[in-house]
Structure formats: structure tokens, C-alpha cells
Amino acid sequence: MYKVTVIGSGNWGSVAAKLIACNTVRLDSFHDEVRMWVFEEKLPSGEKLTDVINKTNENVKYLPGIKLGKNVVADPDLENAVKGANMLVFVTPHQFVEGICKRLAGKIRADAEGISLIKGMEVKKEGPSLISNLITKQLGINCSVLMGANIANEIAMEKFSEATVGYNQNKSAADRWVQLFCTPYFNVTAVQDVEGVELCGTLKNAVAIAAGFVDGLEMGNNTKAAIMRIGLKEMMTFSKMCFPSVKDSTFFESCGVADLITTCMGGRNRKVADAYARNGGKRSFDELEAEMLQGQKLQGVLTAKEVHEVLSSRGWLHIFPLFSAVHAISTGRLPPSAIVKISEENLRHVQLVSSL
Ligand SMILES: NC(=O)c1ccc[n+]([C@@H]2O[C@H](COP(=O)([O-])OP(=O)(O)OC[C@H]3O[C@@H](n4cnc5c(N)ncnc54)[C@H](O)[C@@H]3O)[C@@H](O)[C@H]2O)c1
Ligand SMILES: O=P(O)(O)OC[C@H](O)CO
């Protein structure tokens, strides 16, 4: 029997718990109960978020108005939440995952399998480290990934969408993850390319920041399409330069071009970057994030910084004018209008390297 714990309970974490909970009651090979670890906080009413979730079956802060399923149990104690679980779903903002893994080391079942729904990466001395790899290294477990064109609020309302599971060796584990997540309105397929799937989900957030600048400056649809095209090229080039095994075909799965499109149209990164540009860069991303997202977290600004660290340490800045501009603008070193001042020479270079 498989026992599932969801580590994280934000907007997407709550929807993931809902998807999983509807399958664990339906399928005999899974325990019905789904534990969901909650980073505890007090609500304005003075109540604890965990207590309210368990009382109302709703995450009133991060996913109001949606029932999670009666078999979802919120737990503020991380160690207790993972006790006995052999399927661990990681879904927190990427900046918190390293600390969470440190707390979990030695506390999980040796035969556990992991899956990361986290879009982001860490940069170590040796270069970019993907979150799935960090989980594997710190916890000694195999870790697949699930990414896709998945704006959580839409899936919460059971509007049809697709997702991609990326796996390396363990196809039977990947099939089990597909079974756990698939519903008639959430269609999941698996591809053997963890790094490719995860890099798509990670890098598109930096492109979405660029798309938001273009929207905020009211530059129109053609400009936005150009930014998305250049962004996709840079995503592919960066992925293949850092991880040569990444497959071209992965970029045509839900995790690739479809996620890029939906995030650049309707995501939180786009929305806050739009406001940043409308304010002429005078209000910081941190300030706008706190005001507009009320506890939800952006990943794109941090990802652009992490990508920049890799590019500057490897001497690749000139190959990635869009990623470089997103970082320079989001840190206030260039005005938002610089997003389209990408030199012809640099663009030609990006195209050349992408075609290798
Ligand atoms: N929301 C979406 O539409 C969506 C869709 C697909 C993927 N994702 C990805 O899923 C991941 C999680 O995003 P989300 O939308 O579930 O979260 P969120 O941005 O909605 O919420 C932030 C979460 O971080 C928690 N948190 C705050 N401080 C913390 C700390 N110090 N330690 C641990 N947790 C802390 C909060 O309690 C909350 O659960 C991200 O990588 C995101 O890119 C999100
Ligand atoms: O709202 P965003 O910008 O964090 O994007 C959400 C998802 O990643 C879309 O798949």
C-alpha cells in the first residue's frame, strides 16, 4: 500500500492535495488519507491555519472556496507529516526546500519515492543544481518531477489541463505518479527526461517576468510573442548547455511551450512584473509581491538571479540577452523598457547556439 504526504500547502500545494486525495479514495493500492504539511501561521481571526483547514476542509488563505477532500489532513509538524509515507510530494516555493530537506534527513522511509512540483533551482559552486537532485542528494531517495501548464486556481475549478512527469530510471515509479495525479480534467503523461522537464518549469518563470514588463509597458501582442519566442530559445539553449542530455522533444510537452504560454498570459510572475513596469520600477518586487499576492511567492525574480549567477560565472551573459535583461531590470539596474533593447548581435548569437 502506498501512503502519500504532500510537503507544502500553498496555492498549488493545496490543489495537488485535492487531485491526489480524489485518487487515493478511488484506488485500492493507496491509503485513503493524504497528509499535507502546512507551514503554520496565524490567520487575522487569531486561529491557526492548520486548525481551520481541518475544520472547514478548505485552505482559506491559499485556496479559498475549494474543498480539498475529507481525506486531506493538515499537519503543522513536518516529521509527523512524513511518518510512514512512501510517496512524498514536494511543493513549496523553491527557496525553502533546502531547509525542509535538512529537517527531513534521516526521518523518512528508506524506500520512499519523491516527486517535485517545485519550479526553481539552486546554484552551487559547481553550477546549477535542480531541486529534484537536491532532494535526492539530501534525502537519498529517487525523485521525479511534475511540471506543466498548470495555473493552480484553474485546476482547482476542474478546468481541463495537462501535465508532464519527468523521470530518469524508474519507469514504474513514474507510472505510479501518473496514476496518482491523473483525473478526467488533469491529463498527465511521463517522459524520460527529469532535467528537461524541470528546467522548462523553472526557466519559464524568468520569461514570464519579461512578458509582464511588456504588458506593463503596453507594448502589444507582437512584442509579447517575440519575448516568448526569444525566451523559449534561451530556455532551450541554457538547458542544453548545462545538461546536455536534455531532449528537444520535452519542450513540446505540457511542461514546455504550453507552460510558457499560460504563465506569460495568466501567471503571478507576469502579473507582478506588469505592476513593476507600470510603476516605472519605483516599487520593489518584494513590496509588490507582498501587496498583490498576500503570502503567495514569486519564483521568477529569484530564478533570474540564479540564472544570472550561472551565466556570469561561465562567461555566457552575451548568449542570453533576455535572461540578462530580466535580472538587470528586476534588480533596478535597467529600466523596464530595456526588455526590448536586446542587440541584434546578441540575438544572432542566441539563434546560432540554439541550433547546435
Ligand atoms: N500556484 C500555481 O499556480 C503553481 C502552479 C504550478 C507550480 N507552482 C509551483 O509550486 C511551488 C509552490 O507554489 P505554491 O503556489 O504552492 O505556493 P504559494 O506561493 O501559493 O504559497 C507560498 C507557500 O510558502 C509557504 N511558506 C512561507 N514561508 C515559508 C517558510 N519559511 N518555509 C516553508 N514554507 C513557507 C506558505 O505557507 C505557503 O504555503 C512553486 O515552486 C511554484 O512555482 C505553482
Ligand atoms: O503563477 P506563476 O507565474 O507562479 O505560474 C504558475 C504555474 O507555474 C503555471 O504553470
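Residues numbered from 1 in each chain as written. Chains lettered and ligands numbered in written order. Predicted model: local features only at pLDDT ≥ 70, side-chain atom pairs only at ≥ 80, totals over all residues.

The chain is annotated in an unreviewed UniProt entry as Glycerol-3-phosphate dehydrogenase [NAD(+)] from Vigna angularis var. angularis. If you open the UniProt record of the chain and go to Catalytic activity (unreviewed entry), you find "sn-glycerol 3-phosphate + NAD(+) = dihydroxyacetone phosphate + NADH + H(+)". (UniProt positions renumbered as here; feature names shortened; annotations may be inferred.)

What follows deals with the domain arrangement of the chain. Annotation of the chain at the domain level lists domain 1 (2–192) and domain 2 (196–354). One C-alpha centre belongs to domain 1, the other to domain 2; they are set 26 Å apart. The interface is formed by 26 residues belonging to domain 1 together with 27 residues belonging to domain 2. Of the residues belonging to the side of domain 1 that touches domain 2, the class tally is 13 nonpolar, ten polar and three charged. (Domains from an automatic or database assignment. Contact = placed C-beta atoms within 7 Å. Nonpolar A, V, L, I, M, F, W, Y, C, P; charged D, E, K, R; others polar.)

What follows deals with the pairing of strand E1 (residues 2–7). The element E1 is largely enclosed, with a buried count of five among its six residues. Sheet analysis places E1 next to strand E2 (residues 30–37), joined by five bridges and oriented parallel. Looking across to E2, one finds that Val6 is bridged to Met36. In this region the chain leaves E1, passes through helix H1 (residues 11–24) and returns to the parallel neighbour E2; the handedness of that crossover is right-handed. (Buried ≥ 20, exposed ≤ 12 C-beta atoms within 10 Å, placed from the backbone. Helix = DSSP H or I, 4+ residues; strand = E, 2+ residues; numbered from the N terminus. Pairing = 2+ DSSP bridges. Right-handed = clockwise from strand over helix to strand, strands pointing away.)

On the basis of which strands lie adjacent, the open sheet formed by eight strands has the order E3-E2-E1-E4-E5-E8-E9-E10 and mixed pairing. Here the strands that pair on one side only, and so sit at the sheet edges, are strand E3 (72–75) and strand E10 (186–191). Across this sheet, the average inter-strand angle for adjacent strands is 25 degrees, counted without regard to direction. Where strand E5 (residues 113–116) lies against strand E8 (residues 142–147), four bridges are found, and the strand directions are parallel. Note on E8: the bridge partner recorded for Ile115 is Ser144. (Axes fitted to C-alpha atoms, helices over the stretch in contact; angles between N-to-C directions.)

Taken together, 13 residues lie around ligand 2, and Asn150, Thr263, Gly267, Arg268 and Asn269 are the ones closest in. Those elements that provide at least two residues to the shell around ligand 2 are helix H8 (194–216), helix H10 (254–266) and helix H11 (268–278). No other element matches H10, which puts three residues into the shell around ligand 2. Of the residues belonging to the shell around ligand 2, the class tally is three nonpolar, seven polar and three charged. Built from parts of two domains, the shell around ligand 2 gets at least three residues from each of domain 1 (2–192) and domain 2 (196–354). (Near = placed C-beta within 6 Å.)

Quick look at the UniProt feature "binding site: substrate" (unreviewed entry) in the chain now. UniProt's entry tags Lys119, Arg268 and Asn269 with the feature "binding site: substrate" (unreviewed entry), counted in the numbering of this structure. Considering the C-alpha atoms alone, the annotated residues occupy 151 residues of sequence yet fold into one spot, their largest mutual distance being 13.1 Å. The class for Arg268 is buried, based on 22 C-beta atoms found within 10 Å. In this view, Arg268 contacts Leu293, Gln296 and Leu298; residues no more than four positions away in its chain are not counted. Here Asn269 shows up in helix H11. According to the C-beta neighbour criterion, Asn269 is buried, with 27 such atoms within 10 Å. If we ignore the near neighbours within four places in the chain, the residues touching Asn269 are Asn205, Ala208, Ile209, Gly212, Thr263, Leu298, Gln299 and Gly300.

Once that is clear, we can look at the packing of helix H13 (residues 300–314) against helix H14 (residues 321–330). Running from N to C, H13 and H14 point in directions that differ by 120 degrees, and their axes come no closer than 9 Å. By the criterion of interaxial angle, the relationship of H13 to H14 is oblique. Of the two elements, H13 crosses H14, and the hand of that crossing is left-handed. Across the interface between the two elements, Val301, Ala304, Lys305, Val307, His308 and Leu311 of H13 pack against Phe323, Ser324, Val326, His327 and Ser330 of H14. Tallied by class, residues from the contact of H13 with H14 come to six nonpolar, four polar and one charged. (Parallel < 35°, antiparallel > 145°, perpendicular 65-115°, else oblique. Left-handed = near helix turned anticlockwise from the far one by under 90°.)

Compared with an ideal rise of 1.5 Å per residue, which puts 23 residues at 33 Å, H8 spans 34 Å between its outermost C-alpha atoms and is within 8% of the ideal. The largest bend in H8 amounts to roughly 25 degrees and is located at Asn205. A large share of H8 lies buried, amounting to 23 of its 23 residues. Following H8 by one or two positions, Glu218 adopts a phi angle in the positive range, close to 55 degrees. (Expected span 1.5 Å × (residues − 1). Bend = angle between axes of the 7 residues up to and from the residue.)

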